[in-house]
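Given next are the chains, with one letter for each unit.
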Amino acid sequence: MSPRSFRLVALGFGFAFLYGPILWIVVFSFNEGRLVTLWSGFSTRWYAELLRNRRLVDAAGLSLTIAAVSASLATALGALAGFALARLGRFSGRGLLAGALGAVLTLPEVILGLALLLAFVSLDSWLGWPGRGARTIVAAHATLGMAYVALVVRARLADFDRSLEEAALDLGAAPLQVFMTVTLPLILPALGGGWLIAFMLSLDDVVLASFVSGPGATTLPMIVFSSARLGLNPQINALATIMVGIGALAVLAGVWLVHRMERGR
Amino acid sequence: MNRMMRRLLVALPAAWLVLFFGLPFALILQVSLSRAVIGQPPFTPLFAGGAFQGGLGNFALLLEDDLYLEAILASLGLAAGATGACILLGYPMAWAIAGAPRRWRAPLLALVALPFVTSFLIRVYAWIGLLRPTGSLSVLLQSLGLIDGPLALMPGTFAVAIGMTYTYLPFMVLPIYASLEKIDPTLASAAADLGARPGRIFWSVTLPLSAPGVLAGSLFVFVPAVGEFVVPELLGGPGTPMIGKVIWQEFFNNRDWPLAAALAVVLLVLLAGPIALAQRSQAPTARGLG
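Residues numbered from 1 in each chain as written. Chains lettered and ligands numbered in written order. Predicted model: local features only at pLDDT ≥ 70, side-chain atom pairs only at ≥ 80, totals over all residues.

Scanning chain A for helices and strands turns up 11 helices and 0 strands. In chain A, the succession of helices and strands from N to C terminus is α-α-α-α-α-α-α-α-α-α-α. Oriented by its inertia axes, the alpha-carbon framework of chain A measures out at about 70 × 65 × 35 Å. The 265 residues of chain A split such that 44% are buried. Partitioning the intrachain contacts of chain A with sequence separation of at least 6 by distance along the chain shows that 77% fall at a separation of at least 24. (Helix = DSSP H or I, 4+ residues; strand = E, 2+ residues; numbered from the N terminus. Buried ≥ 20, exposed ≤ 12 C-beta atoms within 10 Å, placed from the backbone. Contact = placed C-beta atoms within 7 Å.)

Written out as structure tokens, the structure is:
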């Protein structure tokens with residue numbers, strides 16, 4: 001086989017593997033029959049049933065709220081941590097901070113979930129706070145998300161041309177002014193990207209949420225997971241297709257924004 | 001920047017991590033030394049009446065029952081298998097992208113990372129529909145006459161391996177690509193000028209120079225795969241007792257928090273080395289993703 005055709009085969013096979021299952025879900029969400037795996041005609045009935053399913057719609061609302069709040073918290077905390085690691089040079093506890101963030105990134109979720117739950121239970125018995133529910137899920141997701149945000153912000157700051165800030169200082173700008181007019185606009189894409197990553201992580205997480213949630217707070221992934229355990233359900237296919245659609249739209253919007261910004265320069 | 005500001009900058013994220021990372025892990029250690037009781041919380045305190053009450057009973061139990069050792073070995077084996085499969089699939093993809101015309105590389109890389117935009121849970125769910133005996137793959141292969149009976153992969157270990165390979169493949173492709181892209185192309189042409197054939201150039205120039213990428217990718221796949229819970233729970237049956245699943249069952253089904261904590265400590269110790277290695281090779285990949 002020539003190198004060129006080997007390359008095409010490798011990419012063709014790899015992308016078929018990566019995208020085949022996603023395509024399958026989208027196609028079969030429009031299947032008429034209840035048997036998810038056998039095609040029996042086009043229909044949108046599962047979308048209609050999905051929208052009538054109160055439990056799912058409520059869980060989706062809760063998940064979106066938790067994701068938005070925890071992503072914002074994660075962005076604030078992660079930006080501070082990333083900035084400290086990239087810019088403050090040596091400070092005491094630097095290694096600990098970097099190590100803890102790295103550990104959050106790599107540890108299995110089951111361990112992190114169990115550890116966080118133990119902390120919430122203990123805090124609750126000492127202080128009578130925070131209980132267990134949406135609040136604890138937000139704290140768990142913010143912890144996970146901040147590690148990703150810190151990574152992205154730190155990488156962005158490491159790549160960035162410091163002479164821009166120095167020039168602004170030389171021209172007489174106050175440090176805060178330099179931060180607001182030079183540094184912040186340059187790291188804004190990293191903050192936006194980090195927020196989006198944290199948001200998606202939260203919206204996707206079932207393990208941490210299952211550990212730290214209490215009776216009243218059931219997120220969308222928890223419902224999807226428990227119904228997937230029982231087998232296939234055409235409503236979940238419809239839900240999945242909607243989520244794939246939203247993801248695709250978000251990516252297109254991102255690409256369009258980047259193009260516009262580049263043309264504007 | 002003045003000292004006050006600097007302190008404040010570090011203090012906020014540090015305080016958060018002490019509360020939601022340091023404290024939780026101290027507690028996991030503590031609970032792993034306690035005993036399970038029926039109550040709230042369902043474990044004994046370490047100090048009662050001023051005396052130390054803890055013990056290594058949970059760890060002894062882990063050694064006594066073969067179930068736990070089997071789960072640990074199965075997890076390590078499956079994670080290693082998934083890592084190998086990711087290398088076999090991901091290396092050619094990374095190599096093909098690195099050799100593609102320059103303007104194609106960014107979009108191809110984006111296509112590799114794009115599945116992350118869709119929910120991980122949903123992508124694993126899709127494999128249930130594809131792999132189970134009455135699933136679409138089974139129907140397709142039977143109608144093509146390639147297999148006689150229904151496909152008997154799910155639930156099972158092989159299905160879990162496919163699911164994990166699928167989930168973690170992008171983690172392998174991106175670091176390998178990053179290391180292939182850095183190789184100086186003049187090295188390959190020098191080898192060719194000296195008479196080496198394309199195969200020889202690959203084995204003695206390209207492959208060794210891309211080894212750091214393969215190592216980084218392997219760690220990014222292996223570490224999360226060992227502790228994976230969702231994939232074995234959905235695609236594997238009771239016959240695949242992976243450690244992540246056993247921790248989950250001890251915690252949720254048996255309500256034995258101390259035993260679950262002890263298992264988590266064992267898993268932590270097992271993964272400490274690979275995690276430390278992975279942290280060292282993290283920075284370049286982060287740049288690729290950001």
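Secondary structure summary: chain B contains 14 helices and 2 strands in total. The globule rule puts the C-alpha radius of gyration for 290 residues at 19 Å, and the 24 Å found for chain B is more than 25% above it. Of all 290 residues assigned to chain B, the portion counted as buried reaches 46%. For chain B, restricting intrachain contacts to residue pairs at least 6 apart in sequence, the fraction spanning at least 24 positions comes to 71%. (Rg over C-alpha atoms; globule rule 2.2 N^0.38 Å.)

So, about unusual backbone geometry. Look at R255 of chain B: it is not a glycine, yet its phi comes out positive at around 50°. Along the chain, R255 of chain B falls in the loop between helix 12 (243-252) and helix 13 (257-280).

Compared with the 50 Å implied by 1.5 Å per residue over 34 residues, the 49 Å span of helix 3 (residues 54-87) of chain A between its first and last C-alpha is a close match. At the exit of helix 3 of chain A stands G89 of chain A, carrying a positive phi of roughly 70°. (Expected span 1.5 Å × (residues − 1).)

A few words now on the interface of chain B and chain A. Interface size, as often reported, equals the accessible area lost upon joining of the parts. In this complex, chain B contributes 71 residues to the contact, which on the side of chain A involves 69 residues. Tallying contributions element by element places helix 1 (residues 3-32) of chain B first for the side of chain B that touches chain A, with 16 residues.

What follows concerns the packing of helix 5 (residues 120-131) of chain B against helix 7 (residues 157-182) of chain B. Any two packed helices are characterised by the angle at which their axes cross and by the distance between the axes. All names here are of chain B. Across the interface, helix 5 lies against helix 7 with an axial gap of 10 Å and an inter-helix angle of 140°. Here helix 7 runs oblique to helix 5, going by the angle between their axes. Regarding helix 5 and helix 7, the two cross each other, and that crossing is right-handed. Residues F120, R123, V124, W127 and L131 of helix 5 touch helix 7, and the partners they reach there are A159, I162, G163, Y166 and T167. Of the residues belonging to the contact of helix 5 with helix 7, the class tally is 7 nonpolar, 2 polar and 1 charged. (Axes fitted to C-alpha atoms, helices over the stretch in contact; angles between N-to-C directions. Parallel < 35°, antiparallel > 145°, perpendicular 65-115°, else oblique. Left-handed = near helix turned anticlockwise from the far one by under 90°. Nonpolar A, V, L, I, M, F, W, Y, C, P; charged D, E, K, R; others polar.)

Attention shifts here to the environment of P42 of chain B. All names here are of chain B. With respect to the helices and strands, the residue P42 is situated in the loop between helix 1 and strand 1 (47-48). Note on P42: 16 C-beta atoms within 10 Å, which makes it partly exposed. Distance in space between the C-alpha atoms of P42 and P258 is 8.5 Å, their sequence separation being 216 residues.

With that settled, consider the confidence of the model for chain A. With 97% of its residues at a pLDDT of 70 or more, chain A has an overall mean of 86. At the low end of the mean pLDDT range in chain A sits helix 11 (residues 234-264) of chain A, at 80; at the high end sits helix 9 (residues 207-212) of chain A, at 93. (pLDDT = per-residue confidence, 0-100.)

Generally speaking, a soluble globular protein has its nonpolar side chains buried in company with each other. Counting residues in each nonpolar core, the largest one holds 173 residues, and the members touching the most others are L114 and L116 of chain A together with L263 and A264 of chain B. Among residues more than four places away in sequence, those in contact with L263 of chain B are L62, Y68, I243, V246, I247 and E250 of chain B. (Core = buried A, V, L, I, M, F, W, Y, C linked by C-beta atoms within 7 Å.)

It is worth spelling out the confidence of the model for chain B at this point. Residues and elements named next belong to chain B. Averaged over every residue, the pLDDT of chain B is 85; the share at 70 or more is 94%. Here helix 14 (residues 282-289) stands out as the least confident element of chain B, with mean pLDDT 45; helix 3 (residues 66-98) is the most confident, with 93. Scored below 50 in pLDDT, residues 283-290 shows 19 contacts in the model against residues more than four places distant or in partner chains. Scored as a complex, the prediction yields pTM 0.87 and ipTM 0.85.

Moving on, we get to the environment of L127 of chain A. Mapped onto the fold, L127 of chain A is located in helix 5 (residues 109-127). When the C-alpha atoms of L127 of chain A and I197 of chain A are compared, they prove to be 32 Å apart, with 70 residues separating the residues in sequence.

Position of T183 of chain A among the secondary structure elements: in helix 8 (residues 175-204). With 19 residues separating them along the chain, T183 of chain A and L164 of chain A place their C-alpha atoms 8.6 Å apart.

A rise of 1.5 Å per residue sets the reference length of helix 1 of chain B, with its 30 residues, at 44 Å; its end C-alpha atoms lie 41 Å apart and thus fit the reference within 8%. Along helix 1 of chain B, the largest kink reaches about 40° and is centred on V18 of chain B. (Bend = angle between axes of the 7 residues up to and from the residue.)

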